[in-house]
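Residue-level listing of the chains:
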Amino acid sequence: MELETAFNLINTIKNRLNSVLLGQETVVDEVLIALLSNGHILIEGVPGLGKTLLVSALANAFDGDFKRIQFTPDLMPSDITGHVMFDTESNKFRLRSGPVFTNLLLADEINRAPAKTQAALLEVMQERQVTIEGQSKPLSKPFMVLATQNPIDQEGTYPLPEAELDRFLMKIFIDYPSFDHELMLAKTLTTGSVTDQQQKQSNDVINKEDLLKLQQLASEITIDDQVVDYAVKLVRITRESAAIQRGAGPRASLALLRTARARALINGGSFVTPDDVKQMAFPVVRHRIQIAAEMEIDGLTNDQVLMQVFNQVEAPRV
Amino acid sequence: MQLDKLCINTKKRSPWEAIDLGCKLAINWFKPLFLLYAIPFYITASIVSILCYWLIPEYFWVSFIGMWFLKPIFDRAPLYFASRALFSEYLSVKTVLSNLVKINRFDAIKWITWRRLSPTRCFDLPITVLEGLTGSDRSKRLSIMHVRGSGEAIMLSLICFLSEILLAGGLDALISLLLPESLYDKYSILTSDIAGGHFNFFILSYFFLAPLVSPFFVCSGFMIYINRRVQLEAWDIDIQFQKMAKKDKYRSTGNLSLTLASLLLGCALFSSSTPTLAEPDSFDIHLSVEEFSEIELEDEVVVEDLSSKRQIYQQAIIEIYESPDFRQTKEVTKWRWKQSSQNSDSWSDGLLQKIRDFFQKLFESSPKVDIGEAPDLNIIAVLVKYLLIGALITAVVYLLNRYKENFAFLTRHIQWKRKFRAQQPKPEILFGLDVTKENLPEDIPQEVLALYDQNKPRQAVSLLYRACLTKLMHQKGFHFYESQTEGECLQTVTRSGNQKESDYLKKITQLWQSVAYGHTLPNRSPIEELCLSWQGVFPNEN
C-alpha cells in the first residue's frame, strides 16, 4: 500500500470517527494509533463522554467483528474466553467460544470485574490466543481490546493489576468537549431523534485486509537510530528518577516505538521524529509507572511527574 | 548532609501533611523498619515476659509497664534507618542492628525514665538521636522546634498508642472467639488461671503487635521534625538554588552569582525572621545525619565542637561579606522621595510640584466645618478623608489593570522585558549543536549553498537549522531547553505571535527533520528559497 493511499484511508476513518465523537480529535487519533500499532487501549473518563460510542463507531467503520462485554462483579473468566460443555445430543464435548473471538472487543467498565476475571484477558491480550482444556486457539486478526474505566465511583471496583496494565499499549483520557462541540452535539442528537443514540452509518470505511496492510505499513515507517535511542532513554529515566517509585519496563520501549511509527503514519509522515516519540510517551508510559509517595501526597498526577522527568532527557540532534 | 539526595519533595507542609508523608514513607520502608524495631523488641519482650512469669506470675502486668518504659530504646534503630534512607542511603538491617548499642548509648537512661512520659517523644527523639544535643542546647532547640508541630506530635502519640491498644484488644478478642473448645483449657492458662485474667493475654498481644505501629510512629514523628527543619533552614530554597546552579552550567560566572545570591537570600531570610527562629544557636546546630555515627561523644565534647564550628561559620560569613562582591559601588539617577525630616516644602518643580499643589489645594479648599470641641468628629473626618484617598487609589489601580492593554507604557514594559531576556547570557551548546554566534560563518546563506554545491546537503541543512536557532536565541530573545524537541521549539516561536519567524522556522524544521530522520536528500530549490528569505527574517545581521 502506498503512503498516500494509506494516509487518505486513515483520514477517512478519522473523519468518520470525528463526525460521531465531536470535539475529541486527540482521543480519536490515539485510538487509531493503537489500532495501527496492533495494540490494546485503555480509555478512562467520567460517564457520558462517549467512550462506548467511540468504540462502537470504530466498529461500524470497520467490516470486522465487534463484541462487547459488560464487566460486572459476577463475571467469570469462562464468560470471556469460552468453555467446553457436554452436548447431550451428540454425546460429545463441544467448545463454546467466548466473546473474545472477534476483531474488536469492547471491555466496558473493566475494573468492575474481580481480578481473576480480569486475568482471563492476560493471555488473550499478549499471546492473542485462548487456552481451553489444554488446547490453544488463536484469535482472529486483527484483534484489539478497547477497555473503558471510570475514574470516579470507585466503590465495588477492582484496580487492574500491573501485569494487565502493562499489556495495554496505551492509556488515554477522554475529557469534556468544548462548548461549541457540546452545542453541536446537543442539537444533532435532539433533533428528529427520540433517543440519545446516534444513527448508525452503514457503509464500512475499511476492511480487515486493508487494516492489516496499514498495520504492516506502520511497522515499516523509517526510524532513525537516534530517535530509537531517545525513546529508550525516555522509558529508562522513569526507572532512575526519584519521583517515580516503579518505572516502566522494556515493553514500554517497544510500545513507544510502535506508537510513534503509527503517529508518524497518521500524520502523513514517512519517518518518525522525536516529536512523535515524546507525544506518545505520555499515553504509553502513564499507566506503567507508580509515582513516589511524596508526589502522590503533593497531589501530582502521573502526567505531571512524567512531564518533569521527560524534561530531563535531551532531545536528539544530529 | 547532601540535600540534593533527599528522596522527598522539600516544601513547606503543615504538620498533618508531614505526618501523612511519614506514613507513606513508613509503608515504603516497612520491612526494614519493622525488622529493626521487632527484632530487639521481641527478644527483650520474651526475656521480660519469661522473667515475670517465672518470678512474679501474680504481677505479670509488670512486664507490660517495663516494656512500655523501654520503648524509646527500640525507636532509635528505625529512626536511624529512616534518617539515612531519607538521603537515599539505604542501610541493611544487619548494619543498623550491629550499631544498636552505639545508637542507644546517648541519653538512653533519661529517655526511659522521666522523658518517657513526654507526649512529644516522636518529635523530640531526633533532636537527641540525630543532633546529639543535651542540656541547655537541647532545651533551646526544643523551644524553637516546638513553635509548630508539637500539638500534632502529641496527637500522633495518642493515635499510635490507641492503635496499639485497639489492635492488641482486637487480637485478644479474635482468639477468644475463634479458639476451638478443645483448646480453650490451654488458652485459659494464659487467661483466667493465672492472675490478671484476660489482661495477661492482652499484654502478649500487645507485645506481638506493637512493632506493627512503631514504623508509622517513628516515621511520622521524624517527618514532623524534618518539616520543621525545612521551615527553619529553608531547605527547599537551598535545593532550588542548587538546581538552578546546575542548569546554568553554561554561564561562566553563574555559579558564583548564584552562590552569593543564595547566601544573601539565606542571610536575609534568617535576619528577617522572628528572633526565636533566627537565634544563632538554632542556625548553627547542624549535627545532621552524617555525623550521627559519632554520637558516642560525651556531652561536653559535643558542645565544644559546636562552639568551634559556630566560630568557623561566623568567620566564613564575615569573610564573604568583606569580599569585593559585597562592596560594589554604583551611581543611580532616578526620582525619589526626600526624607520628611528635611525641608519638606522644597519639592522640586515639574510634575511632582504640580501634583502636590493640586492635592494641597484640593484639601485646603474643602469647606471647613466648625466642629468645636468634638475631637471624635475630627477623627472621623480624618478617617473619611483617608478612606476617600484609598478608594481613589483603588479605583485608579483597578482601571489601570482593567485597561492595561490600552496603555502604551505597559507595551514598552513588555518590550523592555523582552530586551532584558535577550541580554541574558545564552548557552553555547544546545541539543548537541554549537549555537554560539562566533562559530557561525559570516554569510550564512552563502555558506549553506556552498556546502550544498560541495555535495554536502546534510551539513548544509544542519548549518541552516543551527544558524536559525542561534539567531532566534541571540537576536530574538527566545529560550530553548535541551529537552525540547524540534516541534516544541517551533511551538515556542509560534506562541510568540511572530508569523514570519514561525513560518520560517517551520519550513527549516520540516527540511531538517526530513534530512535528519527521514534520511532523504533535499533538493536545491527549497534550500535556495530559505537562503533567500534569510535576510528578511534576520535583517540586522549579514
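About the thresholds
- The written sequence of each chain sets the order in which its residues are numbered from 1.
- Just so you know, chain letters begin at A and ligand numbers begin at 1, following the order they were written in.
- The predicted nature of this model means local features are confined to residues of pLDDT at least 70 and side-chain atom pairs, given and counted, to a pLDDT of 80 or more, with totals for whole chains, interfaces and linings taken over all residues.
- Side-chain measures here rest on the full set of heavy atoms in the structure, leaving out hydrogens and waters.
- Only DSSP runs of H or I reaching four residues or more are called helices, and only runs of E reaching two or more are called strands; each is numbered from the N terminus.
- Type-normalised accessible area, obtained with a 1.4 Å probe on protein chains alone, sets the label of each residue: buried when under 20%, exposed when over 50%, and partly exposed for intermediate values.
- Throughout, a residue-residue contact means that at least one pair of heavy atoms, one from each residue, lies within 4.5 Å.
- Per-residue accessibility takes into account occlusion by the displayed protein chains alone, with areas from the Shrake-Rupley method and a 1.4 Å probe.
- To estimate how far a helix should reach, multiply one less than its number of residues by 1.5 Å.
- Inter-axis angles, ranging from 0 to 180 degrees, are taken between N-to-C directions of lines fitted to C-alpha atoms, where helices are fitted over the stretch in contact.
- Our angle categories are set so that under 35 degrees counts as roughly parallel, over 145 as roughly antiparallel, 65 to 115 as roughly perpendicular, and the remainder as oblique.
- For any helix crossing, the convention is left-handed if the near helix is rotated counterclockwise from the far helix by under a right angle, and right-handed if that rotation is clockwise.
- Residues are grouped as follows: Ala, Val, Leu, Ile, Met, Phe, Trp, Tyr, Cys and Pro are nonpolar; Asp, Glu, Lys and Arg are charged; every other residue, Gly included, is polar.
- We call two N or O atoms a polar contact when they sit within 3.5 Å, provided that within protein one can donate a hydrogen and the other can accept it, with sequence-adjacent residues counted only if both atoms are side-chain atoms.
- For Phe, Tyr and Trp, rings pair up if their centres lie within 6.5 Å, where Trp contributes its six-membered ring, and each pair is then called stacked (planes under 30 degrees apart), edge-to-face (over 60) or tilted (otherwise).
- Our definition puts a charge over a ring when NZ of Lys or CZ of Arg is within 6 Å of the ring centre and also within 35 degrees of the ring normal.
- The rule for a salt bridge is simple: a side-chain nitrogen of Lys or Arg has to be within 4 Å of a carboxyl oxygen of Asp or Glu.
- When DSSP finds two or more bridges between a pair of strands, those strands are recorded as paired.
- Pairs of cysteine sulfur atoms within 2.5 Å are what we label disulfides.
- Using a 1.4 Å probe, buried area is obtained as the accessible area two parts lose upon being combined, added over both of them.
- Every residue gets a pLDDT, meaning the predictor's confidence in that residue, from 0 to 100.

Asker: Any chance you could break down the overall build of chain A for me, citing the residues and the numbers?
Answerer: What chain A contains, in helices and strands, is 13 helices and 11 strands. Put simply, chain A has 318 residues, and 51% of those count as buried. Across chain A, the fraction of contacts at a sequence separation of at least 24, relative to all contacts at a separation of at least 6, is 77%. For chain A, the exposed surface amounts to about 14,700 Å²; the carbon and sulfur share of it is 50%.

Asker: Can you explain the overall build of chain B? Please cite residues and give values.
Answerer: Along its length, chain B carries 23 helices and two strands. Counting over 542 residues, chain B shows a buried share of 39%. When contacts within chain B are restricted to residue pairs at least 6 apart in sequence, long-range pairs at least 24 apart make up 73% of them. About 31,300 Å² of surface is accessible on chain B, with carbon and sulfur atoms providing 61% of the total.

Asker: Any chance you could break down helix α10 (residues 250–266) of chain A for me, citing the residues and the numbers?
Answerer: The periodicity of an α-helix, 3.6 residues per turn, causes residues three or four positions apart to be oriented the same way. Residues and elements named next belong to chain A. Between the first and last C-alpha of α10 there are 25 Å, a value that for 17 residues agrees with the 24 Å anticipated at 1.5 Å per step. In this fold, the buried residues of α10 make contact with α1 (3–20), α2 (25–36), β9 (170–173), α8 (208–219), α9 (225–240) and α11 (274–285). Downstream of α10 by a residue or two, G268 has a phi angle that is positive, lying close to 80 degrees.

Asker: Tell me about the environment of A:I43, residues and numbers included.
Answerer: Residue and element names in this part refer to chain A. Within the element layout of this structure, I43 appears in strand β1 (residues 41–44). With a relative accessible area of 0%, I43 lands in the buried category. Apart from residues lying up to four places away in sequence, I43 is in contact with K51, L54, V55, A147, T148, Q149, I172 and I174.

Asker: Account for the packing of α1(A) against α2(A), naming residues and giving values.
Answerer: Residues and elements named next belong to chain A. Where α1 contacts α2, the axes come no closer than 10 Å and their chain directions differ by 135 degrees. Between α1 and α2, the angle is such that the two are oblique. In terms of crossing hand, the pair formed by α1 and α2 is right-handed. For the pair α1 and α2, contact is made by I10, I13, K14, L17 and N18 and by E25, V28, D29, L32 and L36, respectively. Its residues assigned to classes, the contact of α1 with α2 comprises six nonpolar, one polar and three charged.

Asker: Outline the side chain of A:R263, listing residues and values.
Answerer: All names here are of chain A. Take R263: it is sitting in helix α10. A distance of 2.5 Å separates polar atoms of two side chains, one belonging to R263 and the other to D276. What R263 contacts, discounting residues up to four positions off in sequence, is I33, D275, D276, Q279 and M280.

Asker: Describe in detail the packing of α1(A) against helix α3 (residues 51–60) of chain A, supporting the description with residues and values.
Answerer: Residue and element names in this part refer to chain A. Two elements in contact, α1 and α3, have axes separated by 10 Å at closest approach and are oriented at 140 degrees. By crossing handedness, the relation of α1 to α3 is classed as right-handed. For the pair α1 and α3, contact is made by R16, L17 and V20 and by L53, L54, A57, L58 and N60, respectively. Residue composition of the contact of α1 with α3, by class: six nonpolar, one polar and one charged.

Asker: Please give an account of the packing of aromatic side chains that cites residues and values.
Answerer: The relative placement of two aromatic rings is captured by the distance of their centres and the angle of their planes. Residue and element names in this part refer to chain B. Scanning the entire structure with this criterion turns up 22 aromatic pairs over all chains. Plain terms: the ring middles of F41 and F74 are 5.2 Å apart, the flat faces sit at 80 degrees to each other, and that makes the pair edge-to-face. Of the two residues, F41 is situated in helix α2 (residues 30–55) and F74 in helix α3 (residues 61–85); the sequence distance between them amounts to 33 residues. Across the pair, F74 and F41 agree in class, each one buried. An aromatic cluster is built from Y37, F41, Y42, F64, F74, Y206, F207 and F208, whose rings are joined through pairwise contacts. In this arrangement the basic side chain of R116 is found over the ring face of W68, its NZ or CZ atom lying 3.8 Å from the centre. One Lys or Arg, K385, reaches over the ring of Y386 and ends 5.3 Å from the middle of that ring.

Asker: Report on the pattern of salt bridges, specifying residues and quantitative values.
Answerer: Think of it this way: side chains of opposite charge can pair up when their charged atoms draw near. Applying the stated rule across the entire model yields 25 salt bridges over all chains. A salt bridge links A:R94 to A:D87; its shortest N-O distance comes to 3.7 Å. The partly exposed category is assigned to A:D87, whose relative accessible area is 21%. Here B:K24 ties to A:E296 by a salt bridge, and the two come within 3.5 Å at their closest N and O atoms. In this pair, B:K24 sits in helix α1 (residues 15–28) while A:E296 sits in helix α12 (residues 293–297), so the two residues belong to two different chains. Residue B:K24 is classed as partly exposed on the basis of its relative accessible area, which comes to 26%. Each of B:E131, B:R141, B:R229 and B:E233 takes part in salt bridges that share partners, so that together they form one network.

Asker: Residue-level account of unusual backbone geometry, with values.
Answerer: Residue and element names in this part refer to chain A. Between K141 and the following residue, P142, the backbone shows a cis peptide bond with an omega angle of -10 degrees. Tracing the backbone shows P142 in the loop between β7 (135–138) and β8 (144–149). At N91, a residue that is not glycine, the phi angle is positive and equals roughly 55 degrees. Within the chain, R128 stands out as a residue other than glycine whose phi angle is a positive 55 degrees. In this fold, R128 is placed in the loop between α5 (115–126) and β6 (129–132).

Asker: Describe α9(A), with residues and values.
Answerer: All names here are of chain A. With 16 residues, α9 should cover 22 Å at 1.5 Å per step; its first-to-last C-alpha distance of 22 Å lies within 8% of that length. All of the buried residues in α9 are V227, Y230, A231, L234, V235, I237 and T238. Against β10 (244–246), α10, α11 and α13 (302–310) lie the buried residues of α9. One side-chain oxygen of the residue at the start of α9 lies 3.0 Å from the amide nitrogen of Q226, identifying that residue as D224.

Asker: If you had to explain the environment of A:E182 to someone new, which residues and values would you point to?
Answerer: Residue and element names in this part refer to chain A. Its place among the elements puts E182 in helix α7 (residues 179–190). With relative accessibility at 45%, the residue E182 sits in the partly exposed group. With 159 residues separating them in the primary sequence, E182 and G23 have C-alpha atoms 7.9 Å apart.

Asker: Account for the pairing of β7(A), naming residues and giving values.
Answerer: Residues and elements named next belong to chain A. Relative to β7, β6 runs antiparallel, the two being bridged by four bridges. Among the inter-strand pairings, V130 is bridged to a residue of β7, identified as K137. Counting the residues between successive antiparallel strands, the hairpin from β6 to β7 contains two residues, one of them, E133, with a positive phi of roughly 55 degrees.

Asker: Could you give an account of the state of the cysteines, naming the residues involved and the relevant values?
Answerer: Residues and elements named next belong to chain B. Going through the model one piece at a time under the given rule, you end up with zero disulfides over all chains. Free of any disulfide, C122 has its nearest neighbouring cysteine sulfur in C160, separated by 7.3 Å. Given a relative accessible area of 5%, C122 falls into the buried group. There is no disulfide at C219, and the cysteine sulfur nearest it, in C23, is 8.5 Å away. Residue classification places C219 among the buried positions, given a relative accessible area of 1%.

Asker: Can you lay out the interface of chain B and chain A for me, pointing to particular residues and giving the numbers?
Answerer: Across the contact, 28 residues belong to chain B and 25 residues belong to chain A. Of the roughly 2,300 Å² buried at the junction of chain B and chain A (both faces included), carbon and sulfur atoms supply 53%. The tally of links between chain B and chain A comes to two salt bridges. Linking chain B to chain A there are nine residue pairs in polar contact (both at pLDDT 80 or more). Looking at the side of chain B that touches chain A residue by residue, the classes come out as 10 nonpolar, 10 polar and eight charged.

Asker: I'd like a rundown of the confidence of the model for chain B, residues and numbers included.
Answerer: Across chain B, the average pLDDT comes to 76, with 71% of residues at 70 or higher. Scored below 50 in pLDDT, residues 267–299 of chain B makes 58 contacts in the model with residues more than four places away or belonging to other chains.

Asker: Describe the sheet that holds β8(A), and please don't skip the residues or the numbers.
Answerer: Residue and element names in this part refer to chain A. One open sheet holds the five strands; their spatial order is β2-β5-β8-β1-β9, and the pairing between them is parallel. Pairing within the sheet leaves two strands with one partner each, and these edge strands are β2 (66–70) and β9. Strand-to-strand twist in this sheet, taken as the mean axis angle between neighbours without regard to direction, amounts to 20 degrees.

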